[in-house]
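Below, each chain spelled out in residue letters.
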Amino acid sequence: MQFGGFYDDNDNDVPMGGAPFHPSMMSRFGFPNRMEPFKEYFRCYPVAMLPGPVRESLNYGGKIILPPSALNKLTRLNISYPMLFELSNEELELTTHAGVLEFIAEEGRVYLPQWMMERLALQPGSLVVVASTRLPMGSFVKIEPQSPDFLDISDPKAVLENALRNFTTLTIDDIFEIKYNNKVYQIKVLEIKPTQKSGISVVETDLEVDFAPPVGYVEPSAAKSAANTHSGTMIHTPDGQSMADIIGYADLVSASQSGRSTPALPFAAPAGFGGGGAGHRLSNKKGSSKRSSASSRPSTSATSSPLSATPPPTSVPSLADAMSKGSQFAITGKDKQDEDRAIPKPLRLPFGQLFFGYPVVPVKKASA
């Protein structure tokens, strides 16, 4: 019974006179019905349009900003804490969930993160339904990064744990955004537990997180096999051998590491080039200048030697020849199998001397 605004110990919600009590009676006397949930229509806008300083961090969370009138109404209703809301686009029947960050929006407006606007297919100024709701405490969530770049993060679980502090709910099929090291990552929610509703609460709960392979991620073995079958991934000679096999790269590396002299590398000089096919060698040994000058003297023969007339295996084209006509120096398979090869020695010029890759002939001055 009620006496002076108080109830005695035997009060059974039956007022004086014996009439049964009903919650709707409070609304008749100007009191709000505490069993009625919060549900309002608002014009939605992205947080980038919120008056005041730019608050980019609001886009990387799951909380909205409501007007002060919403707080006034929520305090008079039977709302559980933390306040959780269901946001709906009734026209397209799209739904997601969110928490509330502040009550500073203009009356009739609600500000949403950009990813939430895209999730509900809303445009600035569209109508959205905001209703209070209750969600179970989450115990498991499976997410899918939308880019393989997410694998570049050294500790993705720690990054995600820190990012989820800005969220109060997670909803299936939501694609939310987080920011790490000045880079934005999109993450999709695939599964949640418990599954009574389409969303869960992630506030003060032990949440197990499982990662699905990112969108566009290819297993290393599959990527390697695909690269080998690609026509442009390796340059092959007509006989099917790779360039590394032809030049004996493995032998060169082995000789360099063991300290042995580098094996000779045979080249075939083109006809009519460098003295009728005679090879040139770069050497810093004394006594080799005569041999080099003699071999490099231009040929006066009317006929040029054929390309098949290769020089001895020890002859190597000059650096100028290799740079200007390197594609004409072919390595034959027979020489590869039978002869040792050597790479040209480095060209070391004295200070003040230049190398242009071709012989420089001084211009003759006209006689006076």
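Model, not experiment: these values are computed from the prediction. (Residues numbered from 1 in each chain as written. Predicted model: local features only at pLDDT ≥ 70, side-chain atom pairs only at ≥ 80, totals over all residues. Heavy atoms only, no water.)

A. Structural view of the overall build of the chain. When its secondary structure is counted, the chain shows 10 helices and 14 strands. Sorting the 368 residues of the chain into buried and exposed places 31% on the buried side. Contacts in the chain between residues at least 24 apart in sequence constitute 77% of all its contacts with a sequence separation of at least 6. As displayed, the chain has an accessible area near 23,700 Å², and 54% of this comes from carbon and sulfur atoms. (Helix = DSSP H or I, 4+ residues; strand = E, 2+ residues; numbered from the N terminus. Buried < 20%, exposed > 50% of the residue type's maximum accessible area, 1.4 Å probe, protein only. Contact = heavy atoms within 4.5 Å. Areas by Shrake-Rupley, 256 points an atom, 1.4 Å probe, with all protein chains shown as cover.)

B. Inspection of the nonpolar core at higher detail. Of all hydrophobic cores here, the largest spans 43 residues; its most connected members are L66, L87 and L112. With four residues, the single largest contributor to this core is strand β12 (residues 183-193). Sequence-distant contacts of L66, defined by excluding residues within four places in its chain, comprise F42, F85, V100, E102, F103, I104, A105, R109, V110 and V130. Counting residues in each nonpolar core, the second largest holds seven residues, with L50, I65, A105 and Y111 among its members. (Core = buried A, V, L, I, M, F, W, Y, C linked by side-chain atoms within 4.5 Å.)

C. Quick look at the sheet that holds strand β14 (residues 208-211). A sheet is described by the order of its strands in space; here four strands give the open sequence β11-β12-β9-β14, paired in mixed fashion. Of all strands in the sheet, those with a lone pairing partner are β11 (175-180) and β14, marking the two edges. Ignoring strand direction, the axes of neighbouring strands in this sheet form an average angle of 35°. Of the strand pairs in this sheet, strand β9 (residues 140-145) and β12 are connected by six bridges, and their pairing is antiparallel. What sits directly across from E144, in β12, is K188. Strand contacts of helix α4 (residues 156-163): β9, β11, β12 and β14, with the helix running at about 125° to β14, the strand carrying the most contacts. (Pairing = 2+ DSSP bridges. Axes fitted to C-alpha atoms, helices over the stretch in contact; angles between N-to-C directions.)

D. Local environment of unusual backbone geometry. A cis amide bond links Y81 with the next residue in sequence, P82, at an omega value of 0°. Note that P82 resides in the loop between α2 (68-74) and β5 (84-89). With a phi close to 75°, D173 is a non-glycine residue in the positive phi region. With respect to the helices and strands, the residue D173 is situated in the loop between β10 (169-171) and β11.

E. View of α4. Those residues of α4 that sit buried are V159, L160 and A163. Down the axis of α4, the buried side of the element spans an arc of 95°, and every buried residue falls inside it. Exposed and oriented more than 90 degrees from the buried face of α4 are K157 and E161. Residues of α4 that are buried make contact with β9, β11, β12 and β14. (Arc of directions from axis to C-beta.)

F. Looking closely at the packing of aromatic side chains. A full pass over the atoms with the stated rule returns seven aromatic pairs. When the ring of F150 is compared with that of Y185, the centres are 5.8 Å apart and the planes differ by 85°; the resulting orientation is edge-to-face. Of the two residues, F150 is situated in the loop between β9 and α4 and Y185 in strand β12; the sequence distance between them amounts to 35 residues. Taking the ring centre of Y45 as reference, the NZ or CZ of R109 above it sits at 4.3 Å. Residue placement shows K193 over the ring face of F140; its charged tip is 5.1 Å from the ring centre. (Phe/Tyr/Trp six-rings, centres within 6.5 Å; stacked < 30°, edge-to-face > 60°. Lys NZ or Arg CZ within 6 Å of the ring centre and 35° of its normal.)

G. Structural detail: the confidence of the model for the chain. For the chain, per-residue confidence averages 73 on the pLDDT scale, and 57% of positions sit at 70 or higher. Across residues 1-29, confidence stays below pLDDT 50; counting only partners more than four residues off in sequence or on other chains, it has 21 contacts. Segment residues 231-237 is flagged for pLDDT under 50; beyond a separation of four residues in sequence, or across chains, it makes nine contacts in the model. (pLDDT = per-residue confidence, 0-100.)

H. A look at the environment of I79. Inspection of the secondary structure puts I79 in the loop between α2 and β5. For the pair I79 and F38, spaced 41 residues apart in the sequence, the C-alpha separation amounts to 8.0 Å. Ignoring sequence-local partners within four residues, the contact set of I79 consists of F38, L74 and S132.

I. Structural detail: the side chain of E144. Note on placement: E144 falls in strand β9. Here E144 occupies a buried position and makes no salt bridge, while the nearest side chain of opposite charge, K188, is found at 5.1 Å. With residues near it in sequence (within four places) discarded, E144 still touches Q186, I187, K188, L190, A212, P213 and V215. (Lys, Arg positive; Asp, Glu negative; His and termini not counted. Salt bridge = Lys/Arg side-chain N within 4 Å of Asp/Glu carboxyl O.)

J. Spotlight on the pattern of salt bridges. Across all of its chains, the model carries six salt bridges by this definition. Of the charged contacts in the structure, one is a salt bridge between E40 and K73, with a shortest N-O distance of 2.6 Å. A residue pair is termed long-range when its members are at least 10 positions apart, and E40 in strand β3 (residues 39-46) and K73 in helix α2 qualify at 33 residues. Owing to a relative accessible area of 26%, E40 belongs among the partly exposed residues under this scheme. For K73, a relative accessible area of 25% corresponds to the partly exposed category.

K. Up close: the pairing of β5. The buried count for β5 comes to five of six residues, which makes it a mostly enclosed element. Pairing geometry for β5 and strand β6 (residues 94-102), over six bridges, is antiparallel. When the bridges of β6 are listed, L84 appears paired with G99.

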